[in-house]
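Examining the three-dimensional arrangement
The residues making up each chain are set out below.
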Amino acid sequence: MNKKTLLCSVKAAACALGLAAVLLLLFAFAAYKQDDPSSLLPLLSHLIRFGCAFLCGLIAAKSAGESGLWCGLLSGSLFLTANILPALLLSRDGSGQGLLLTFGLYLGMLALSAVGGAVGVSGGRKTNMRKTKRRRPNRHPASS
């Protein structure tokens, strides 16, 4: 791992965290207008965090340009750490089943970030192949 990979991963995690915070606030206000907002908030928060974890890996891989899986894992682990710390500090209960479910959700976020990194690198290769110039056939053959 080089310095560029680490820097791109940190920037991608910061962008994903900022986007997640803004989207969580917007969707919380939108859910507040519903009859029962408490039923929508957990689902919306999980969807937003999983989507931002995928984007985190994608952004890291696109900006680094190489080793997408490692960029995705690194940026995903940074994103995951930023999600776990407040959850640990604000957690009221330490029940085994809730902890196992939370651990599974966080592993899912990490996996989606790695997939985003792999997609980010492979997506760049496809666009480079499309940009190659094709040779045009000669429509007017030389007259003899």
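Everything discussed here concerns the structure shown above.
So, here's what we can say about the structure. (Residues numbered from 1 in each chain as written. Predicted model: local features only at pLDDT ≥ 70, side-chain atom pairs only at ≥ 80, totals over all residues. Heavy atoms only, no water.)

Some details on the overall build of the protein
In terms of regular secondary structure, the protein is built from four helices and zero strands. The helix and strand sequence of the protein, counted from the amino end, reads α-α-α-α. Counting the 144 residues in the protein, one finds 25% classified as buried. By sequence separation, contacts in the protein at least 24 residues apart represent 81% of the contacts at least 6 residues apart. Here the protein has roughly 10400 Å² of accessible surface; of this, 67% comes from carbon and sulfur atoms. (Helix = DSSP H or I, 4+ residues; strand = E, 2+ residues; numbered from the N terminus. Buried < 20%, exposed > 50% of the residue type's maximum accessible area, 1.4 Å probe, protein only. Contact = heavy atoms within 4.5 Å. Areas by Shrake-Rupley, 256 points an atom, 1.4 Å probe, with all protein chains shown as cover.)

Comments concerning the side chain of Asn83
Within the secondary structure, Asn83 sits in helix H3 (residues 68-90). Since its relative accessible area comes to 13%, Asn83 is described here as buried. In this view, Asn83 contacts Leu17, Arg49, Tyr106 and Met109; residues no more than four positions away in its chain are not counted.

Some words on the packing of helix H1 (residues 3-32) against helix H2 (residues 37-64)
H2 packs onto H1 with a crossing angle of 155 degrees between their chain directions and a minimal axis gap of 8 Å. Relative to H2, H1 is oriented roughly antiparallel. Every pair of crossing elements has a handedness; the one defined by H1 and H2 is right-handed. In terms of residue class, the contact of H1 with H2 is built from 23 nonpolar, three polar and one charged. (Axes fitted to C-alpha atoms, helices over the stretch in contact; angles between N-to-C directions. Parallel < 35°, antiparallel > 145°, perpendicular 65-115°, else oblique. Left-handed = near helix turned anticlockwise from the far one by under 90°. Nonpolar A, V, L, I, M, F, W, Y, C, P; charged D, E, K, R; others polar.)

Observations regarding the nonpolar core
Judged by nonpolar contacts, the single largest core of 17 residues is most densely connected at Ala16, Cys52, Cys56, Phe79, Leu80 and Met109. Among the secondary structure elements, those contributing two or more residues to this core are H1, H2, H3 and helix H4 (96-130). The leading source of residues in this core is H2, at six residues. Ignoring anything within four residues of it in the chain, the contact list for Cys56 reads Ala12, Ala13, Ala16, Ser75, Gly76, Phe79 and Ser113. (Core = buried A, V, L, I, M, F, W, Y, C linked by side-chain atoms within 4.5 Å.)

Remarks on H1
Counted at 1.5 Å a residue, the expected span for H1 with its 30 residues is 44 Å, and the 43 Å between its end C-alpha atoms agrees. Residues of H1 that are buried include every one of Thr5, Cys8, Ser9, Ala12, Ala13, Ala16, Ala20 and Ala31, and no others. Residues of H1 that are buried sit in contact with H2 and H3. (Expected span 1.5 Å × (residues − 1).)

Observations regarding the packing of H1 against H3
A pair of packed helices is characterised by two quantities: the angle between their axes and the separation of those axes. Two elements in contact, H1 and H3, have axes separated by 8 Å at closest approach and are oriented at 45 degrees. When the axis of H1 is compared with that of H3, the two are oblique. H1 and H3 meet at a crossing whose hand is right-handed. Contacts between H1 and H3 involve Thr5, Leu6, Ser9, Val10, Ala12, Ala13, Ala16 and Leu17 from the former and Cys71, Leu74, Ser75, Leu78, Phe79, Ala82 and Asn83 from the latter.

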